[in-house]
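Below are the chains, spelled out letter by letter.
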Amino acid sequence: MMLLCMVLARNSAMAFNRYLDRDIDAKNPRTKQRDIPAGRISATSALIFTIINCGLFVGVTWFINPLCFYLSPVALLVVLGYSATKRFTALCHLVLGLGLSLAPIGAYLVVTGHFALTPLFFSLAVLCWVSGFDIIYAMQDEDFDRSENLHSIPAYLGKENALKFSTTLHILSAIFIVMPVFFIHPGILYYIGVVFFCIMLTYQHRLVKPNDLSQVNFAFMTTNGIASVVFAVLFLLDRLF
């Protein structure tokens, strides 16, 4: 049920983002080949897909526990609402981070049916981690965002200061990923996971420079994917053994 909710929420968020940004994507050379502006999928189909997935998401939470069901509209409001934020605030990256940060808390609620402090640290780590790497990714669109009056940290601060902002967020992410050790008393595998996660964050920032964005996609996709999977596996093994 939890994995199904994750898939449905992601489907809803991604489809709605493509639907809402279809006109912007059509103007941006980087995104004009996405499915809707390229004509492979109609805007109506994307909206219907979003509605169906939202309905299924709420429906699935009914079979988990009452708290998850009652909070499901809040989760959808955050993950769908992100798509509109670039139109009025440069803090849109933090809203994206907030949306993904609901995952650790949501997973804990699925299993236990109540809130606790430790999952909050993981959620804060995800919030800062995702916001930080989304700022790096958005550096590609700095000039486009300014020309279209769209809001983003790179458009507001410039590439160099945006990268510093991202670095600060990733330092905070590393701090929050360490905080649970004072509450769950993990084994050596967890510490290895933390060290690896921090190394990958550092490597990500070594790949991207304000005057050289050639490695942005590798930093955004590959390093973050490796960091998250390896940390998750080590955390799970640590809990098992």
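Note: the structure precedes this text.
Every chain begins its residue count from 1, and numbering advances along the sequence as written. This being a predicted model, a pLDDT of at least 70 is required before a residue's local features are given, and a value of 80 or more before pairs of side-chain atoms are given or counted; all residues contribute to the totals for chains, interfaces and linings. Note that water and hydrogens are dropped before the side-chain values are worked out from all heavy atoms of the structure.

Q: Any chance you could explain helix α5 (residues 92-112) here in plain terms?
A: The periodicity of an α-helix, 3.6 residues per turn, causes residues three or four places apart in sequence to face the same way. Going along the chain from the N terminus, every DSSP run of H or I of four or more residues is numbered as a helix, and every run of E of two or more is numbered as a strand. Helix span, as expected, comes to 1.5 Å for every residue beyond the first. Compared with an ideal rise of 1.5 Å per residue, which puts 21 residues at 30 Å, α5 spans 31 Å between its outermost C-alpha atoms and is within 8% of the ideal. The largest bend in α5 is about 30°, located at Pro 104. Exposure classes here rest on a 1.4 Å probe applied to the protein chains alone. A residue is buried below 20% of its type maximum, exposed above 50%, and partly exposed in between. Along α5, the residues that are buried comprise Cys 92, His 93, Leu 96, Gly 97, Gly 99, Ser 101 and Leu 109. Where α5 terminates, the next one or two residues include Gly 113, which has phi positive at roughly 80°. What the bend at a residue measures is the angle between two axes, fitted to the seven residues ending there and to the seven starting there.

Q: Would you take a moment to explain the packing of helix α3 (residues 43-62) against helix α4 (residues 66-85) for this structure?
A: Packed helix pairs are characterised by how far apart their axes lie and by the angle those axes make with each other. Between α3 and α4, the shortest axis-to-axis distance is 8 Å and the interhelical angle comes to 150°. Viewed along their axes, α3 and α4 adopt a mutual orientation that is roughly antiparallel. With respect to the hand of their crossing, α3 and α4 are arranged in right-handed fashion. Residue-level inspection shows Thr 50, Cys 54, Phe 57, Val 58, Thr 61 and Trp 62 of α3 in contact with α4, the latter providing Cys 68, Phe 69, Ser 72, Ala 75, Leu 76 and Leu 80. Note on definitions: angles span 0 to 180 degrees between N-to-C directions of axes, and those axes are lines fitted to C-alpha atoms, for helices only across the stretch in contact. For this classification, under 35 degrees means roughly parallel, over 145 means roughly antiparallel, 65 to 115 means roughly perpendicular, and everything else is oblique. Left-handed describes a crossing in which the near helix is turned anticlockwise from the far one by less than a right angle; the clockwise case is right-handed. Contacts between residues were defined by any pair of non-hydrogen atoms, one from each residue, lying within 4.5 Å.

Q: I keep staring at the packing of helix α6 (residues 117-138) against helix α12 (residues 216-240) and nothing clicks. Help me out?
A: The contact between α6 and α12 brings their axes to 9 Å, and the two run at 165°. The orientation of α6 relative to α12 falls into the category roughly antiparallel. Here α6 and α12 pass one another in a crossing that is right-handed. For the pair formed by α6 and α12, the contact residues are Phe 122, Trp 129, Phe 133, Ile 136 and Tyr 137 on the first element and Val 216, Asn 217, Phe 220, Asn 224, Ser 228, Phe 231 and Phe 235 on the second. Each residue receives one of three labels: charged for Asp, Glu, Lys and Arg, nonpolar for Ala, Val, Leu, Ile, Met, Phe, Trp, Tyr, Cys and Pro, and polar for the others, Gly being one of them. Counted by class, the contact of α6 with α12 contains nine nonpolar, three polar and no charged residues.

Q: What's the story with unusual backbone geometry in this structure? I'm lost.
A: Residues apart from glycine generally show negative phi values, whereas peptide bonds are mostly found in trans. Non-glycine residue Asn 149 carries a positive phi angle of around 60°. The topology assignment puts Asn 149 in the loop between α7 (142-147) and α8 (153-157). Among the residues examined, Asn 149 registers a relative accessible area of 62% and is labelled exposed. Here the phi dihedral of His 185 falls at roughly 50°; this positive angle occurs in a residue that is not glycine. Examined against the element boundaries, His 185 turns out to sit in the loop between α10 (181-184) and α11 (188-207).

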